[in-house]
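The residues making up each chain are set out below.
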Amino acid sequence: MKKDENFSEWYSQIVEKAGLADYISAKGFIVLRPYGFAIWDLIKSYLDQKFKETGHLNGFLPCLIPESLLNKEEKHFKGFNPEVFWVTSSGDSLLSEKLALRPTSEALLYSIFPKWISSYRDLPLKMNFWNTALRAEIKSTKPFIRNSEFLWQEGHTAHANKKEAEDEVMTILYLYKHFIEKVLSIPTISGYKSNKEKFVGADYTTALEGMMPDGKALQLGTSHNLGLNFSQPFEIKFLNKNNNEDFVWQTSWGISWRLIGALIMVHGDDKGLILPPIVAPIQIIIIPIYKDVNEHLVKDHANRLRDSLLALGYRVFVDERDEFTAGWKYNEWEMKGVPVRINIGQRDIENNNVEVVRRDNRQKNIVPMDNLSKEIEKIFQSLQTDLYCKAETFLKEKTKVITNFDDFKGILDGHSGFIVTGWCGNEDCEVRVKEDTGADIRVIPFDSKDLPTGPSMTNDVIRDCIYCRKKANKLVIFAKAY
RNA sequence: GGGAUCGUAGUCUAGCUUGGUAGGAUGCCAGCCUUGGGCGCUGGAGGUCGUCGGUUCAAAUCCGGCCGGUCCCA
């Protein structure tokens, strides 16, 4: 399957052939297979540790939310209503109140916060939940990218003052950014969402936006400042040091298994997945190459090699299956994206070396046994940075500074990408552009130095709003999005 | 939201126009052979043709509803 020729088909093929997920006969729902779940597990354990290091504790929330609760913050409710699944009966009898399958847990969790928060001593309250959310996707679903139920993590915090909440929003956003860029090797652009695109119920939303190989944007993580928007309707109050009642300042934030989708799209090639080492369920695959006469000798060597690599902390697997040839196994493990493969046969044993193949460029190297761990470490390092650089180069190539609307439309008619331009800040212009081109404001970068196009040129070049030509007060990135 | 297209064995698919015995590949099982880029040979098992209904002596095939997948456009 060719990634360049039919990207969408290629993507669905990888999901199935690499054994990540499968379909079930309910629209928009998928089944995660062990290999796909293992990737999620690795993402989860990495981030979970970071959350704990920054003072967050995990909890568990029910998946049903009474309508009245969801309804309490009006805008929030309206925003989610079209995609909420409702439970209306138990057995044959109708429920007295409809229950929503949680599209997100703010309302549910915040209804109970008042019981837990009464004094400034109870703050900050910082919790996280690893669960799923349900949002009905009527049309165009895509595994990991758009599903009616998805695995995610939602963090929720309450703070004594505005500044602390603002800091929390940024702490988490940069924690995500570090993970996505340094661990998943996917470059991102960080910034604010426009009012139209922000989380319903937030004062403002910060986000990380990535670019997929078809030039479309994919939101990879969000962190919201909820201000007092929930604490007021839910009456989450505390006594401050001066014995006055105050409302808490809140944040919420999340990433989802979309990150797996991004990994597939950004790094994969015609041979299949390519996984960065930290999130690879199997980091090293050992293929013993043997004949009947030396089968035991070679397999013993392979297993000893595995044991020594396991002892060094690597996730290693020896593919001892007799029913497949070596060549078949190469293809299989390349499809699954295993970063490093080690071939070991009679002649390697005699020469006290092994053949090491890295997944991304499939370069083969004969490596002496004594150098092996050093070589693996080197490959892991360079894989991590090479994957990032490749994606970053692409991002830069596909990001253009545009100052007039005709050029803007022209670019989006062909293959899309990111467009850096000016915006007056008026939502009408944003809506019009979306109607005319299908692109909307993905992110309002915090700083022009974060732009892939570099700061020097953009500050001077962009003066007007791309649509109404009035003075631009924001530098924004427009793109089509998933 | 609009359009197109598909659903046949675990998987991929032929057959559908012109109604009449479901065929292949791959995988699976048994036995041999072999393994440095999807090896080879022999034999075997595996099917409510997505689902519900209609037309017909007869439906995988024609018609309609529903369910699900995929793609394109908004």
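Quick notes on the rules
Counting from 1, residues in each chain are numbered in the order their sequence is written. To read the labels, note that chains go from A and ligands from 1, taken in the order they are written. With the structure being a predicted model, the display of local features is reserved for residues of pLDDT at least 70 and the display and counting of side-chain atom pairs for 80 or more, all residues being used for whole-chain, interface and lining totals. Where side-chain values are given, they derive from all heavy atoms of the structure, hydrogens and water being excluded. A run of H or I in DSSP becomes a helix once it reaches four residues, and a run of E becomes a strand once it reaches two; helices and strands are each numbered from the N terminus. Residue burial is assigned from relative accessible area. The probe radius is 1.4 Å, only protein chains are included, and a residue is buried under 20% of its type maximum, exposed over 50%, and partly exposed in between. What makes two strands pair is DSSP finding at least two bridges between them. Contacts: residue pairs with any heavy atoms within 4.5 Å of one another. As a rule, the C-alpha atoms of each element are fitted with a line to give its axis, helices using only the stretch in contact, and angles between N-to-C directions run from 0 to 180 degrees. Here a cavity denotes grid points, spaced 1 Å and computed from the protein atoms alone, that fit a 1.4 Å probe unable to get out, and a pocket denotes an open set having protein on both sides within 12 Å along at least 5 of 7 lines; residues with an atom within 4 Å of a point are the lining. Grid points are joined across faces, edges and corners, and a volume is the space filled by probe spheres set on the points. Polar here means any residue outside two lists: the nonpolar Ala, Val, Leu, Ile, Met, Phe, Trp, Tyr, Cys and Pro, and the charged Asp, Glu, Lys and Arg; Gly therefore counts as polar. Residue ranges labeled as domains rest on an automatic or database domain assignment. Accessible area, probed at 1.4 Å, shrinks when two parts are joined; the buried area is that loss added up over both. Salt bridges are counted wherever a side-chain nitrogen of Lys or Arg sits within 4 Å of a carboxyl oxygen of Asp or Glu. Polar contact is defined as a pair of N or O atoms within 3.5 Å, subject to the rule that within protein one atom must be able to donate a hydrogen and the other to accept it, and that residues adjacent in sequence are counted only when both atoms are side-chain atoms. Residues are classed as near a molecule or strand on a simple rule: at least one heavy atom within 4 Å of it.

*Asks:* Quick one: what's the story with the environment of Gly227, residue by residue and with numbers?
*Replies:* Among the secondary structure elements, Gly227 is positioned in strand S11 (residues 217-227). Judged by relative accessible area, which is 1%, Gly227 ranks as buried. Sequence separation between Gly227 and Ala158 is 69 residues, and the spatial gap between their C-alpha atoms is 9.6 Å.

*Asks:* Break down the sheet that holds strand S9 (residues 189-192) for me, with residues and values.
*Replies:* Judged by pairing direction, the sheet is mixed, and its eleven strands sit side by side in the order S3-S7-S8-S14-S11-S10-S9-S22-S23-S21-S20 without closing on themselves. The sheet is open, and its two borders are formed by strand S3 (57-58) and strand S20 (399-401), each paired with just one other strand. Both strand S10 (residues 204-211) and S11 contribute to a ladder of eight bridges, which runs antiparallel. Note on S11: the bridge partner recorded for Gly210 is Leu218. The strands that helix H2 (residues 34-53) touches are S3, strand S7 (125-134), strand S8 (149-159) and strand S14 (249-256); relative to S7, the one it contacts most, it runs at about 165 degrees.

*Asks:* Go over the layout of surface pockets, please, and point to the residues and values.
*Replies:* When its volume is computed, the largest pocket comes out at roughly 1200 Å³. Forming the boundary of the largest pocket are 41 residues, of which Phe80, Glu83, Arg135, Gln219 and Arg258 lie nearest the centre. Broken down by secondary-structure element, the contributors of at least two residues to the lining of the largest pocket are helix H4 (74-80), S8, S11, S14 and strand S22 (440-445). In terms of residue class, the lining of the largest pocket is built from 14 nonpolar, 13 polar and 14 charged. Counting the residues that make up the lining of the largest pocket, at least three belong to each of domain 1 (7-267) and domain 3 (399-479). What lines the second largest pocket is a set of 18 residues, among which Lys3, Val266, His267, Gly268 and Lys390 lie closest to the centre. Taken together, the elements giving at least two residues each to the lining of the second largest pocket come down to helix H8 (258-267) and helix H12 (372-397). Looking at which element gives the most residues to the lining of the second largest pocket, the answer is H12, with five residues. For the lining of the second largest pocket, the class distribution of residues is eight nonpolar, three polar and seven charged. There are two domains that each give the lining of the second largest pocket at least three residues, and those are domain 1 (7-267) and domain 2 (282-381).

*Asks:* Explain the sheet that holds strand S15 (residues 284-289) residue by residue, including any values.
*Replies:* An order of S16-S15-S17-S18-S19 is seen for the five strands of this open sheet, with the pairing classed as mixed. Edge positions in the open sheet fall to strand S16 (316-318) and strand S19 (364-368), since each of these has one partner strand only. For this sheet the average axis-to-axis angle between neighbouring strands, irrespective of direction, equals 25 degrees. Both strand S18 (residues 353-358) and S19 contribute to a ladder of five bridges, which runs antiparallel. Along S19, the bridge assignment pairs Val354 with Val367.

*Asks:* Describe the domain arrangement of chain A, listing the residues and the values that go with them.
*Replies:* According to the domain assignment, chain A consists of domain 1 (7-267), domain 2 (282-381) and domain 3 (399-479). Taken over C-alpha atoms, the centre of domain 1 sits 28 Å from the centre of domain 3. In this complex, domain 1 contributes 22 residues to the contact, which on the side of domain 3 involves 19 residues. Taken together, the two surfaces of domain 1 and domain 3 that pack against each other cover about 1600 Å², and 64% of this comes from carbon and sulfur. For domain 1, the biggest contributors to the area lost against domain 3 are Ile189, Tyr192 and Lys196; these three give 36% of the whole. Here domain 1 and domain 3 share two salt bridges between them. Note that Arg442 and Glu197 form a salt bridge whose closest N and O atoms lie 3.8 Å from each other. The interface formed by domain 1 and domain 3 contains six residue pairs in polar contact (both at pLDDT 80 or more). Of all elements in the fold, only helix H7 (162-183), S9, S10 and S11 reach the threshold of two or more residues within the side of domain 1 that touches domain 3. The element contributing the most residues to the side of domain 1 that touches domain 3 is S10, with five residues. Residues belonging to the side of domain 1 that touches domain 3 are distributed by class as follows: eight nonpolar, eight polar and six charged.

*Asks:* I'd like a description of the protein's contact with RNA strand B, backed by residues and values.
*Replies:* Around RNA strand B sit 34 residues, and of these Glu9, Tyr23, Thr325, Glu334 and Asp348 come closest. Backbone atoms, meaning sugar plus phosphate, form 49% of the atoms of RNA strand B positioned within 4 Å of the protein. With respect to RNA strand B, the side chain of Trp328 contributes an N or O atom lying 3.4 Å from a base nitrogen. At the level of elements, helix H1 (7-17), helix H10 (326-335), strand S17 (340-345) and helix H11 (346-351) are the ones that each hand at least two residues to the surface near RNA strand B. In terms of residue class, the surface near RNA strand B is made up of nine nonpolar, eleven polar and 14 charged.

*Asks:* Give me the pattern of salt bridges: which residues, what numbers.
*Replies:* A pair can form between side chains of opposite charge whenever their charged atoms are brought close. Under the criterion given, the structure shown has 27 salt bridges. Among the salt bridges present, the one from Lys126 reaches Glu168, with a minimum N-O distance of 3.7 Å. Taken as a pair, Lys126 in strand S7 and Glu168 in helix H7 lie far apart in primary sequence, 42 residues in all. With a relative accessible area of 21%, Lys126 lands in the partly exposed category. On the accessibility criterion, Glu168 (5% relative accessible area) is buried. Here Arg358 makes a salt bridge to Asp386, at a shortest N to O gap of 3.1 Å. Taken together, the positions of Arg358 in strand S18 and Asp386 in helix H12 put the pair 28 residues apart, joining distant regions of the chain. Linked through salt bridges whose partners overlap, the residues forming this network are Lys193, Lys196, Glu197, Glu209, Lys434, Asp440 and Arg442.

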